[in-house]
Amino acid sequence: MIDVKEIRKDFPIYNREPKLTYLDSAASSLKVKTVIDHVDHYYQSLGVNVHRGAYDLAYEATKLYEEARDTVSKFINANADEIVFTRGTTTSLNMIANAYRDILKEDDEIVVTELEHHSSILPWMVTAQKSKSKLKYVPLTKEGRITVEAFKTVLTDQTKVVAITYVSNVMGYVTPIKEIIKLAHQKGAVVILDAAQAVPHMAIDVKALDVDYLAFSGHKMFGPSGVGVLFGKSKLLNMLEPVEYGGEMADDVFKDHATFKEAPLRFEAGTPVISGAIGLAAAIRYIQKIGYDQIHEHTMHLKQYTLNQLKTLKGITIYNETADISTITFNVDDIHPHDIATMLDQYQVSVRAGHHCAQLVSRFLGVGSTLRVSFHIYNDINDCDVLISSIKASQDFFLSF
Ligand code: PMP
């Protein structure tokens, strides 16, 4: 069982803000001390570039950077040469969509869903426009879920790309991805999985999934911002044109042509995010120490307790009661979500309000914006109680006019 008092000792923000009720981990998690220490160590004791220098410090920095790649690869059961360090999920997804602009042709089809975060739709919308291919949407169930049956209705012999979320950042539903990947492969399509919301909550095995590409960010899993991962099967990565050109990604450069390295360095032009990669590896070790079973059990308990309490209030609409992870999306009747969020801040309660960079989900729900609370290991029952009492206080305040 998770002992939140002990866990909070690992998160220095609670020294500054002991009364913080942080319920916005789906946007960005709080940062754990071991990550901060590892990033600090790089800057305090090394601070030099990787892959380039012939001196001791450079060897040490390179060793830490490549060990981080190793840690990431084992974490998702990939090979080290299939792990590209990027700036985050958004960059990873854009890199693949950009690379496919020259591969896709007129009449090819790209399948996405209405549950996608903008970073899993917009790059493909532009790629579809530029390559004259067609963007198709998997219809959602009434509850807002992606199902295998619905996926089958848009899958055709023309489907070349399936870009899909593993876990929705608004609804918290887990996509039945294994079966979808199998079906997509039968048509010869590649699958790009947005795992930004999955990695903080569940173990990922890219080999078991047989997924082609997968993206996630460090900052949602206790790691640094500014670092993320692009996984790609090595055969596929080496077939793609590099996305950026520059230092350490070329083999031989002549006046009129050049040859490029294999993945992953092929996709890491310029000085990479060295401290970020080292910090991300520390975050992974921390998650592994806690264990996903414990994370799931703890956060789902908080979610269920909060749902039960929310239902005791009047005028609450909950949109995703059956979420598979600990995300609750809701509205308070007659009060704008931004007003509630601002009021909750008076009680040091941090929640998210808006369309959560997933406007198609808001449109599906038929609302402009919603409130979202999301839990992680540093939250406890008291956080849930403070949330509920401050929503009540907000209702009393706004509805008294
Ligand atoms: N996809 C999903 C499902 C997300 O929740 C997010 C972050 N809100 C992203 C992609 C984008 O991640 P980042 O901002 O770290 O690039």
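Please read these numbers as outputs of a predicted model, since none were measured by experiment.

**Concerning unusual backbone geometry**
Backbone geometry follows two general trends: most residues other than glycine have a negative phi, and most peptide bonds adopt the trans configuration.
1) Next: In the segment running from alanine 263 into proline 264, the intervening peptide bond is cis, with an omega of 5°.
2) Next: Secondary-structure assignment places proline 264 in the loop between strand E10 (258-260) and helix H11 (274-290).
3) Next: The residue phenylalanine 222 is not glycine, and still its phi comes out positive at about 75°.
4) Next: By the secondary structure assignment, phenylalanine 222 is in the loop between strand E7 (213-217) and strand E8 (228-232).
5) Next: Residue glutamate 248 is not a glycine yet carries a positive backbone phi of 65°.

**With respect to the pattern of salt bridges**
1) Next: Tallied over the full model, the rule gives 20 salt bridges.
2) Next: When the shortest N-O distance is used, the salt bridge between lysine 136 and glutamate 109 registers 3.1 Å. Of this pair, lysine 136 sits in strand E4 (residues 134-138) while glutamate 109 is found in strand E3 (residues 109-113), placing the two residues 27 residues apart along the sequence. With respect to class, lysine 136 is no different from glutamate 109; both count as buried.
3) Next: Of the charged contacts, one joins glutamate 321 and lysine 311 as a salt bridge, the two residues approaching to 3.0 Å between their closest N and O atoms. Here lysine 311 lies in the loop between helix H12 (292-310) and strand E11 (316-318) and glutamate 321 lies in the loop between E11 and strand E12 (327-332), a separation of ten residues in the sequence.
4) Next: For glutamate 321, a relative accessible area of 40% gives the class partly exposed.
5) Next: For lysine 311, a relative accessible area of 45% corresponds to the partly exposed category.
6) Next: Because the salt bridges share partners, they merge into one network encompassing Arg8, Asp380 and Asp383.

**Some thoughts on the domain arrangement of the protein**
1) Next: By domain assignment, the protein separates into domain 1 (4-30 + 291-398) and domain 2 (35-288).
2) Next: On a C-alpha basis, the centroid separation for the pair domain 1 and domain 2 is 28 Å.
3) Next: The interface is formed by 36 residues belonging to domain 1 together with 35 residues belonging to domain 2.
4) Next: The junction of domain 1 with domain 2 conceals about 2900 Å² of combined surface from both sides, 57% of it contributed by carbon and sulfur atoms.
5) Next: It is Tyr292, Ile325 and Phe364 that lose the most area in domain 1 upon contact with domain 2, and together they represent 25% of the buried surface on that side.
6) Next: Between domain 1 and domain 2 we count one salt bridge in total.

**Focus: the sheet that holds E8**
1) Next: The strand order E2-E8-E7-E6-E5-E3-E4 describes an open sheet built from seven strands, whose pairing is mixed. Two strands close off the open sheet at either side, each with one partner strand: strand E2 (83-86) and E4. Within this sheet the neighbouring strands show an average axis-to-axis angle of 20°, counted without direction.
2) Next: Where strand E6 (residues 190-194) and E7 come together, three bridges link them in parallel fashion. Bridging across to E7, leucine 193 finds its partner in leucine 214.
3) Next: Contacts between helix H5 (residues 89-99) and the sheet are confined to E2, E6, E7 and E8, with E7 contributing the most and set at about 155° to the helix.

**Comments concerning the layout of surface pockets**
1) Next: Of the voids in this model, the largest pocket is the one considered here, and its volume is about 260 Å³.
2) Next: Looking at the largest pocket, it is lined by 13 residues, and the ones nearest its centre are Phe85, Thr86, Glu244, Phe267 and Ala269.
3) Next: If you list the elements that add at least two residues to the lining of the largest pocket, you get E2 and H5.
4) Next: The class makeup of the residues in the lining of the largest pocket is seven nonpolar, three polar and three charged.
5) Next: Considered as a void within the structure, the second largest pocket measures approximately 200 Å³ in volume.

**A few points about H11**
1) Next: The terminal C-alpha atoms of H11 lie 25 Å apart, and with 17 residues this matches the ideal 24 Å at 1.5 Å per residue to within 8%.
2) Next: The element H11 is extensively covered by neighbouring structure, given that 14 of its 17 residues are classed as buried.
3) Next: One or two residues past the end of H11 sits glycine 291, with phi positive at roughly 95°.

Thresholds applied
Residues numbered from 1 in each chain as written. Predicted model: local features only at pLDDT ≥ 70, side-chain atom pairs only at ≥ 80, totals over all residues. Heavy atoms only, no water. Helix = DSSP H or I, 4+ residues; strand = E, 2+ residues; numbered from the N terminus. Salt bridge = Lys/Arg side-chain N within 4 Å of Asp/Glu carboxyl O. Buried < 20%, exposed > 50% of the residue type's maximum accessible area, 1.4 Å probe, protein only. Domains from an automatic or database assignment. Contact = heavy atoms within 4.5 Å. Buried area = accessible area lost by both parts, 1.4 Å probe. Pairing = 2+ DSSP bridges. Axes fitted to C-alpha atoms, helices over the stretch in contact; angles between N-to-C directions. 1 Å grid on protein atoms, 1.4 Å probe; cavity = no way out; pocket = protein on both sides within 12 Å on 5 of 7 lines; lining within 4 Å. Points joined across faces, edges and corners; volume = space filled by probe spheres on them. Nonpolar A, V, L, I, M, F, W, Y, C, P; charged D, E, K, R; others polar. Expected span 1.5 Å × (residues − 1).

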